[in-house]
4 protein chains.
Amino acid sequence: MARLKSDEKRHAILAAATRVIAAHGLGAPTALIAKEAGISNGSLFTYFETKAELLNQLYIELKTEMGTAAFDAFPSENSPREQLRHVWTNWLHWAVTDPKKRRTLAHLSVSDEITAGSHQAAALAFGEIAALVDRCRSGGPMRTAPLSLVLTIMSGVADAAMDYMLRDPANADAHCETAFEAAWRMIE
Amino acid sequence: MARLKSDEKRHAILAAATRVIAAHGLGAPTALIAKEAGISNGSLFTYFETKAELLNQLYIELKTEMGTAAFDAFPSENSPREQLRHVWTNWLHWAVTDPKKRRTLAHLSVSDEITAGSHQAAALAFGEIAALVDRCRSGGPMRTAPLSLVLTIMSGVADAAMDYMLRDPANADAHCETAFEAAWRMIE
Amino acid sequence: MARLKSDEKRHAILAAATRVIAAHGLGAPTALIAKEAGISNGSLFTYFETKAELLNQLYIELKTEMGTAAFDAFPSENSPREQLRHVWTNWLHWAVTDPKKRRTLAHLSVSDEITAGSHQAAALAFGEIAALVDRCRSGGPMRTAPLSLVLTIMSGVADAAMDYMLRDPANADAHCETAFEAAWRMIE
Amino acid sequence: MARLKSDEKRHAILAAATRVIAAHGLGAPTALIAKEAGISNGSLFTYFETKAELLNQLYIELKTEMGTAAFDAFPSENSPREQLRHVWTNWLHWAVTDPKKRRTLAHLSVSDEITAGSHQAAALAFGEIAALVDRCRSGGPMRTAPLSLVLTIMSGVADAAMDYMLRDPANADAHCETAFEAAWRMIE
DNA sequence: GATGAATGAGTATTCATTCAT
DNA sequence: AATGAATGAATACTCATTCAT
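Computed from a prediction, not measured in an experiment: that's the story for all the values here.

Each value, and the rule that gives it
- Residues numbered from 1 in each chain as written.
- Chains lettered and ligands numbered in written order.
- Predicted model: local features only at pLDDT ≥ 70, side-chain atom pairs only at ≥ 80, totals over all residues.
- Heavy atoms only, no water.
- Axes fitted to C-alpha atoms, helices over the stretch in contact; angles between N-to-C directions.
- Helix = DSSP H or I, 4+ residues; strand = E, 2+ residues; numbered from the N terminus.
- Left-handed = near helix turned anticlockwise from the far one by under 90°.
- Contact = heavy atoms within 4.5 Å.
- 1 Å grid on protein atoms, 1.4 Å probe; cavity = no way out; pocket = protein on both sides within 12 Å on 5 of 7 lines; lining within 4 Å.
- Points joined across faces, edges and corners; volume = space filled by probe spheres on them.
- Nonpolar A, V, L, I, M, F, W, Y, C, P; charged D, E, K, R; others polar.
- Least-squares fit on C-alpha atoms with pLDDT ≥ 70 in both.
- Buried area = accessible area lost by both parts, 1.4 Å probe.
- Salt bridge = Lys/Arg side-chain N within 4 Å of Asp/Glu carboxyl O.
- Polar contact = N/O pair within 3.5 Å; in protein donor to acceptor, adjacent residues only side chain to side chain.
- Phe/Tyr/Trp six-rings, centres within 6.5 Å; stacked < 30°, edge-to-face > 60°.
- Lys NZ or Arg CZ within 6 Å of the ring centre and 35° of its normal.
- Disulfide = S-S within 2.5 Å.
- Buried < 20%, exposed > 50% of the residue type's maximum accessible area, 1.4 Å probe, protein only.
- Arc of directions from axis to C-beta.
- Domains from an automatic or database assignment.
- Core = buried A, V, L, I, M, F, W, Y, C linked by side-chain atoms within 4.5 Å.
- Parallel < 35°, antiparallel > 145°, perpendicular 65-115°, else oblique.

Draft legend 1. Here's a closer look at the packing of helix H5 (residues 80–97) of chain D against helix H8 (residues 127–137) of chain D. Residues and elements named next belong to chain D. Two elements in contact, H5 and H8, have axes whose closest approach is 10 Å; the angle formed by their N-to-C orientations is 145°. In this structure, H5 meets H8 at a crossing whose hand is left-handed. Residues Pro80, Gln83, Leu84 and Val87 of H5 pack against Ile129, Leu132, Val133, Arg135 and Cys136 of H8.

And the structure:
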């Protein structure tokens with residue numbers, strides 16, 4: 001019970017941080033995040049020891065959520081191409097559906113406050129995507145490149161496409177598809 | 001006459017800012033930048049009215065330098081593919097040659113302090129790359145996609161590759177080549 | 001509950017500001033005021049959002065105190081002349097009793113930081129004096145002049161007398177009396 | 001010749017300071033005063049060693065000018081009353097004619113930067129007024145009060161009246177007259 | 001636990017004054 | 001003498017974090 005309450009507030013803080021950071025950047029005061037979360041500034045620090053800790057947790061949370069969203073309704077029976085397309089579409093649309101999360105994640109991804117450990121923890125959530133990409137590229141031109149390089153490049157394309165979709169949401173679907181075809185051509 | 005505002009000093013500040021921001025992020029104190037540039041903290045503000053102004057100038061400078069570097073020794077006589085490969089290689093190696101510039105530019109690119117005007121000014125330096133990419137994609141599968149989308153995606157790949165090259169500089173050349181081939185496949 | 005913003009501390013700051021400004025003028029550093037008040041420099045800003053805010057509050061406080069002091073032990077039964085003499089004496093002696101308050105108020109009265117609102121708020125404290133002066137001048141030569149002009153002039157005389165009393169405190173009582181008789185002659 | 005040029009610039013600076021201080025208060029940057037005077041910021045200090053020096057000179061200059069203005073077209077033949085009325089009218093109208101000078105003088109009069117020496121130097125310019133007032137009060141109720149007290153109080157009335165006239169310039173003449181009659185009643 | 005006042009190090013910017021040209 | 005860049009001390013205000021209640 002007590003635990004439940006804690007988790008509730010923890011998430012309230014994380015959600016508030018997402019909103020506030022999207023609007024004010026990483027320099028957003030913890031006091032503002034606390035107020036947005038409906039708690040006192042002091043209380044924030046019983047849930048996260050430091051601001052850096054909060055930022056790291058938020059990074060892991062958002063990245064994990066993005067990775068998880070990508071596998072929503074995963075079509076196990078389909079071809080690898082269709083599977084990747086499905087994952088790709090989920091992935092990119094997550095950004096358009098919740099631009100604040102995407103924006104905050106963009107801020108966090110580039111921050112010096114995020115530790116190597118957090119980056120690793122977040123990478124875990126992309127293990128399945130990694131495996132899928134590995135399967136997809138196995139017969140193609142990038143079959144001998146380091147998988148991590150392939151993944152880095154795919155993420156680069158995805159990030160770029162997200163930005164573009166956010167700038168022109170009306171045609172988001174088309175851009176998403178264009179980007180997928182381009183990405184697919186890289187590996188197959 | 002009195003001492004004239006020297007371009008030399010201006011560049012010393014910009015160079016110092018590049019180093020300091022690479023190390024400390026955008027939160028780096030102006031006083032530290034000034035000291036690194038060998039001038040007094042007050043003097044910095046005779047060259048840049050405001051920290052934000054300095055950041056914007058630095059952004060434009062670095063981005064322009066990157067764009068210019070890409071066209072170094074441009075092989076006008078070669079095929080589009082070879083031209084793009086040349087540009088691509090210059091481009092990505094600029095990041096490896098001067099990792100601090102790349103790192104600082106990454107910080108700046110994501111900052112809220114950089115105005116739309118600065119982004120536009122910087123985009124100018126990429127006009128030739130845009131034209132080249134446009135030529136290269138003209139017969140390929142992305143011929144009907146918005147050029148800006150194609151460019152955004154290409155930049156995404158380039159950025160991702162730079163990051164990877166920086167993490168594994170020993171094989172930077174190979175990664176650069178792998179990335180180029182992947183990028184080429186997207187458009188041709 | 002946490003520690004509550006204490007009125008005690010608020011007044012400590014105001015009192016410290018009075019002392020420090022009397023000595024250093026309006027340019028007195030907030031840090032010095034804070035130290036004099038026995039709090040940290042940051043704490044000052046939990047009680048007053050801004051230095052200007054502190055100055056305005058102090059102005060209202062001092063002016064109100066001065067107006068209130070003038071009506072101390074007010075002899076309701078006496079003649080208007082005796083009432084005014086009583087008020088006048090209280091008024092002028094307030095300055096001599098607490099020269100720092102008078103000095104600080106002189107600084108504040110002339111400052112651009114004091115808003116029209118603060119001037120109005122402070123004027124409230126002089127409503128009774130205004131009424132009394134109005135009664136006193138009603139049968140005399142200034143009966144048709146704008147009351148506000150009469151009050152302005154009376155204040156001018158009072159201010160001048162205060163200054164003089166401060167320069168020669170040994171004969172303050174006599175000077176106060178001389179000034180009162182002069183002021184009385186103006187209106188009756 | 002060289003001397004003339006100097007004097008010209010000296011006065012340009014003093015005039016600029018009057019304007020700038022009227023608008024921005026005593027905190028006005030010397031650089032702004034210099035620009036307004038049409039010289040470089042550095043040059044200002046060849047005419048006045050320090051800002052405080054400039055302020056003191058300006059104080060003396062303005063106060064002297066005010067005192068001198070009061071005796072303009074002095075009617076030597078008239079009665080003391082008419083003489084005082086003439087001086088009084090000149091005096092108060094100086095403020096209305098050139099509100100910036102009056103405003104700046106008000107700022108300076110209250111400043112800690114003005115030395116006792118400057119106050120004395122300025123007082124010199126009021127010697128004639130003092131003598132006139134002395135003559136006027138010689139047969140009246142303030143004949144035994146310290147002359148300096150009488151003068152202080154008269155100045156207080158004058159200052160108050162100036163302020164009022166500045167707030168209601170349309171009726172400045174009437175207010176000036178009202179104030180004179182009041183002042184006269186004090187001494188005669 | 002929760003609250004929010006208290007703390008004080010940290011920072012961009014200003015400005016009188018100096019000095020190289 | 002004039003210029004205006006250089007200097008660096010000075011200062012209001014912010015904010016992560018602590019701690020008394």
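After presenting the structure, the write-up continues.
Draft legend 2. Seen up close, empty space enclosed by the protein. Residue and element names in this part refer to chain D. Evaluated as defined, the whole model comprises one cavity of 30 Å³ or more. Volume-wise, the largest cavity comes out at about 30 Å³. Lining of the largest cavity is provided by Leu84, Val87, Trp88, Trp91, Ile129, Val133 and Met154. Where the lining of the largest cavity is concerned, the elements lending two or more residues are H5 and H8. A total of four residues in the lining of the largest cavity trace back to one element, the largest contributor, which is H5. Considering only residue class, the lining of the largest cavity consists of seven nonpolar, no polar and no charged.

Draft legend 3. Local environment of the arrangement of the chains. Contact between chain B and chain C is absent, and the least distance between their C-alpha atoms amounts to 21 Å. One finds no contact linking chain A with chain D; the least C-alpha distance across the pair is 33 Å.

Draft legend 4. Here's a closer look at the environment of Arg102 of chain C. Residue and element names in this part refer to chain C. Tracing the backbone shows Arg102 in helix H6 (residues 99–109). Taking the C-alpha atoms as reference points, Arg102 and Asp159, separated by 57 residues in sequence, lie 9.6 Å from one another. For Arg102, the residues in contact, after removing those within four places along its chain, are Trp94, Ala95, Asp159, Met162, Asp163 and Leu166.

Draft legend 5. Seen up close, the relation of the copies chain D and chain C. Least-squares fitting of chain D to chain C yields an RMSD of 0.2 Å, with the superposition described by an axial translation of 0.1 Å and a rotation of 179°. Put plainly, the chains are arranged around a two-fold axis. Considering only C-alpha atoms, the part of chain D nearest the rotation axis is Gly156 of chain D, at 2.3 Å.

Draft legend 6. Fine view of the interface of chain B and chain A. Taken together, the contact pairs 27 residues of chain B with 27 residues of chain A. Summed over the three residues of chain B that lose the most area to chain A, namely Leu149, Tyr164 and Arg185 of chain B, the buried surface amounts to 25% of that side. Inspection of the region where chain B meets chain A yields two salt bridges. In this structure, Asp112 of chain A engages Arg103 of chain B in a salt bridge whose closest nitrogen and oxygen atoms are separated by 2.4 Å. On inspection of chain B and its partner chain A, the count reaches eight residue pairs in polar contact (both at pLDDT 80 or more). Mapped by element, the contributors of at least two residues to the side of chain B that touches chain A are helix H6 (99–109), helix H9 (147–167) and helix H10 (172–187) of chain B. In the side of chain B that touches chain A, the residues fall into 15 nonpolar, eight polar and four charged.

Draft legend 7. Expanded view of the packing of aromatic side chains. Residues and elements named next belong to chain A. Across all of its chains, the model carries 20 aromatic pairs over all chains by this definition. A centroid spacing of 4.9 Å and a plane angle of 40° characterise the contact between Phe71 and Phe74, whose relative ring orientation is tilted. The structure contains a cluster of three or more aromatic residues connected by ring pairs, namely Trp88, Trp91, Phe126, Phe180 and Trp184. Over the ring of Phe126 we find Lys63; its NZ or CZ atom is 5.9 Å from the centre of that ring.

Draft legend 8. Inspection of the state of the cysteines at higher detail. In the structure shown here, the tally under the stated rule is zero disulfides over all chains. We note that Cys176 of chain A lacks a disulfide partner, and the nearest cysteine sulfur, in Cys136 of chain A, lies 15 Å from it.

Draft legend 9. Representation of the interface of chain D and chain C. Counting residues at the interface gives 27 residues for chain D and 27 residues for chain C. In total, about 2200 Å² of surface goes out of reach between chain D and chain C, with carbon and sulfur atoms giving 68% of it. Its largest share of buried area at the contact with chain C, chain D owes to Leu149, Tyr164 and Arg185 of chain D, together 25% of the area lost on that side. Summed over the shared surface of chain D and chain C, the result is eight residue pairs in polar contact (both at pLDDT 80 or more). When residues in the side of chain D that touches chain C are grouped by element, the largest group, nine residues, is from helix H9 (residues 147–167) of chain D.

Draft legend 10. Highlighting helix H8 (residues 127–137) of chain B. Residues and elements named next belong to chain B. Of all the residues in H8, the buried ones are Ile129, Ala130, Leu132, Val133, Cys136 and Arg137. Within H8, the buried residues cover an arc of 165° as seen down the axis, which keeps them to one side. On its buried face, H8 sits against helix H4 (51–70), helix H5 (80–97), H9 and H10.

Draft legend 11. Quick look at the domain arrangement of chain A. All names here are of chain A. Here chain A is described as being made up of domain 1 (1–49) and domain 2 (58–187). Taking only C-alpha atoms, the centre of domain 1 and the centre of domain 2 are 27 Å apart. Across the boundary between the two partners, domain 1 contributes ten residues, which contact ten residues of domain 2. Carbon and sulfur atoms supply 71% of the area that domain 1 and domain 2 bury against each other, a total of about 820 Å² over both sides. The largest per-residue losses of area from domain 1 upon contact with domain 2 belong to Thr18, Ala22 and Leu26, which jointly make up 55% of the total buried on that side.

Draft legend 12. Quick look at the relation of the copies chain B and chain A. Once turned by 179° and shifted 0.1 Å along the axis, chain B lies on chain A with an RMSD of 0.2 Å. Interface overlap between copies is the fraction of interface residues in one copy that are interface residues in the other; for chain B against chain A it reaches 100%, indicating a shared surface.

Draft legend 13. Molecular detail of the environment of Ala131 of chain C. Structurally, Ala131 of chain C is set in helix H8 (residues 127–137). Residues Ala131 of chain C and Ser155 of chain C, spaced 24 residues apart in sequence, show a C-alpha to C-alpha distance of 14 Å.

Draft legend 14. Structural context of the nonpolar core. With 119 residues, the main nonpolar core has Trp88 and Met186 of chain A together with Trp88 and Met186 of chain B as its most contacted residues. The residues contacting Trp88 of chain A, other than those within four sequence positions of it, are Met154, Val157, Ala158, Cys176, Ala179, Phe180 and Ala183 of chain A. Among the nonpolar cores identified, the runner-up in size contains 118 residues, and Ala70, Val87 and Trp184 of chain C together with Ala158 of chain D belong to it.

Draft legend 15. Local environment of unusual backbone geometry. All names here are of chain B. Non-glycine residue Ala73 carries a positive phi angle of around 55°. Mapped onto the secondary structure, Ala73 falls in the loop between H4 and H5. The class of Ala73 is exposed, set by a relative accessible area of 60%.

Draft legend 16. Geometry of the side chain of Thr18 of chain A. When you line up the elements, Thr18 of chain A lands in helix H1 (residues 2–24). In this structure, Thr18 of chain A is in contact with Leu58, Leu62, Lys100, Lys101 and Thr104 of chain A, ignoring residues within four places of it in sequence.

Draft legend 17. Main features of the pattern of salt bridges. Residue and element names in this part refer to chain B. Evaluation of the coordinates by the stated rule reveals 48 salt bridges over all chains. The salt bridge partner of Glu36 is Arg19, with a shortest N-O separation of 2.4 Å. Here Glu36 is found in helix H2 (residues 30–37), whereas its partner Arg19 is found in helix H1 (residues 7–24), with 17 residues between them in sequence. Classification of Glu36 by relative accessible area gives partly exposed; the value is 39%.

Draft legend 18. Main features of the side chain of Thr152 of chain A. Structurally, Thr152 of chain A can be placed in helix H9 (residues 147–167). Given the relative accessible area of 17%, Thr152 of chain A is considered buried. Ignoring sequence-local partners within four residues, the contact set of Thr152 of chain A consists of Ala160, Tyr164 and Arg167 of chain B.

Draft legend 19. Structural detail: the packing of H5 of chain B against H6 of chain B. All names here are of chain B. Two numbers describe how H5 lies on H6: the axes approach to 5 Å, and their chain directions differ by 100°. Comparing their axes, H6 and H5 come out roughly perpendicular. Of the residues in H6, those in contact with Trp94, Ala95, Val96 and Thr97 of H5 are Pro99, Lys101, Arg102 and Leu105. Residue composition of the contact of H5 with H6, by class: five nonpolar, one polar and two charged.

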